[in-house]
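Now for the letters of each chain:
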Amino acid sequence: MKKLVILLSVLILMVLVFGACSNSNNSVSAPVSSYSSADIKQIGTGDKEFVFEVVDDQGLQENFLVKTDKEFVGEALFELGLIDGTQGAYGLYVKEVNGITLDYEINQKYWAFYINGEYATSGVDKTVVENGCAYSFKAQ
């Protein structure tokens, strides 16, 4: 019984470790191969690539395969015109994503940043690009 518990613990740990972002380009929330060319737009150039998902306040989703050489996700998305915002005490406050402006002070809606489907604990301008990750902005 003890061996079974240890084996299960090791398996769970392996799933957690390999389920996170890695440089292996095979762990995104929705694999690049699962998108048809009609579902995802390729944008940018560079050696790194990641999926960028935008879910607007109507629930409509648009997907991009971003290629970049930038170090930070925010740099890559800003350079490609996918995000805009203002600098604040806590970093970049993203007010516009894919041409859609949300500002909590104006319409009580905002853009939330996610990494591989999980609410991000870092700002987009401080998040290092990891090959194969999926980054999202979802209207809240």
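The preceding data block contains the structure.
Keep in mind that this is a model prediction, so the values were computed, not measured. (Residues numbered from 1 in each chain as written. Predicted model: local features only at pLDDT ≥ 70, side-chain atom pairs only at ≥ 80, totals over all residues. Heavy atoms only, no water.)

Considering the pattern of salt bridges
Then, in step 1: This model, assessed by the stated rule, comprises five salt bridges.
Then, in step 2: For Asp 57, the salt bridge identified is with Lys 109, shortest N-O distance 3.3 Å. With Asp 57 in the loop between β2 (48–55) and β3 (61–68) and Lys 109 in the loop between α3 (104–107) and β7 (111–115), this residue pair connects regions lying 52 residues apart in the sequence.
Then, in step 3: Residue class for Lys 109 comes out partly exposed when judged on its relative accessible area of 29%.
Then, in step 4: For the salt bridge of Lys 95 with Asp 103, the shortest nitrogen-to-oxygen distance reads 3.3 Å.
Then, in step 5: What makes Lys 95 partly exposed here is its relative accessible area of 23%. (Salt bridge = Lys/Arg side-chain N within 4 Å of Asp/Glu carboxyl O. Helix = DSSP H or I, 4+ residues; strand = E, 2+ residues; numbered from the N terminus. Buried < 20%, exposed > 50% of the residue type's maximum accessible area, 1.4 Å probe, protein only.)

Examining the pairing of β7
Then, in step 1: Counted residue by residue, β7 has four buried out of five residues, so it is predominantly covered.
Then, in step 2: Note that β7 and strand β9 (residues 134–139) share five bridges and pair antiparallel. Along β9, the bridge assignment pairs Tyr 114 with Ser 136.
Then, in step 3: Where β7 meets strand β8 (residues 118–119), two bridges bridge the pair, whose relative direction is antiparallel. The residue of β8 that forms the bridge with Tyr 114 is Tyr 119.
Then, in step 4: Between β7 and β8, which follow one another and run antiparallel, lie two residues, and Asn 116 among them has a positive phi close to 50°. (Pairing = 2+ DSSP bridges.)

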